[in-house]
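Observations on the model geometry
One letter stands for each residue in the lines below.
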Amino acid sequence: MKVLEKGPGWSTKQRCTGKGNGLGGCESLLQVEAGDIYVTSHTDMVGDTDYFYTFTCPVCGKETDIPEKDVPASIRREAMENKKKVLRRGNYYGYVD
């Protein structure tokens, strides 16, 4: 099969708010694509871990979490798989190079 024209893929419009990361975003409206999303996590004192789907603003560098309901299951799975690959390489910050 030959690709004649690649489709746009998944994306969502999001504001840079810093939500989930101390706030203070620049309020830029961004078109966030699947490759822009990575997983961050927080482990509480009991040992329970929560995962978040996050992007970094290209304008101010602030991280903003996207509500899980706004990220399709296939994108969430891909982001989690990328996190596992990063952790295997020894980067414990959840960022994908």
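Quantities reported herein were computed from a predicted structural model and do not represent experimental measurements.

1. Side note on the overall build of the chain
- Helix and strand counts for the chain come out as one helix and five strands.
- Counting from the amino terminus, helix and strand elements in the chain follow one another as β-β-β-β-β-α.
- Counting every position in the chain, which comprises 97 residues, the buried fraction comes to 29%.
- Of the roughly 6900 Å² of accessible surface on the chain, 52% is carried by carbon and sulfur atoms.

2. As for the confidence of the model for the chain
- The predicted model of the chain averages 85 in pLDDT, with 86% of residues at 70 or higher.
- Across the chain, element-level confidence peaks in strand β5 (residues 63-66) with a mean pLDDT of 96 and bottoms out in helix α1 (residues 73-89) with 77.
- Low confidence marks residues 88-92, where pLDDT is under 50. Its contacts with residues over four positions away, or in another chain, come to five contacts.

3. Some remarks on the nonpolar core
- One finds Leu30, Val32, Ile37, Tyr53, Ile66 and Val71 to be the most contacted residues of the largest nonpolar core, which totals 13 residues.
- Breaking this core down by element, the ones donating at least two residues are β2 (29-33), β4 (49-56) and α1.
- Discounting chain neighbours no more than four positions away, the residues touching Ile66 are Gln14, Val32, Ile37, Tyr53, Phe55 and Val71.

4. Concerning the side chain of Thr64
- Take Thr64: it is sitting in strand β5.
- A distance of 3.2 Å separates a polar atom in the side chain of Thr64 from the backbone nitrogen of Thr17.
- Not counting residues within four places of it along the chain, the set of residues in contact with Thr64 comprises Arg15, Cys16, Thr17, Gly18, Lys19, Asn21, Tyr53, Thr54 and Phe55.

Criteria and thresholds
- Residues numbered from 1 in each chain as written.
- Predicted model: local features only at pLDDT ≥ 70, side-chain atom pairs only at ≥ 80, totals over all residues.
- Heavy atoms only, no water.
- Helix = DSSP H or I, 4+ residues; strand = E, 2+ residues; numbered from the N terminus.
- Buried < 20%, exposed > 50% of the residue type's maximum accessible area, 1.4 Å probe, protein only.
- Areas by Shrake-Rupley, 256 points an atom, 1.4 Å probe, with all protein chains shown as cover.
- pLDDT = per-residue confidence, 0-100.
- Contact = heavy atoms within 4.5 Å.
- Core = buried A, V, L, I, M, F, W, Y, C linked by side-chain atoms within 4.5 Å.
- Polar contact = N/O pair within 3.5 Å; in protein donor to acceptor, adjacent residues only side chain to side chain.

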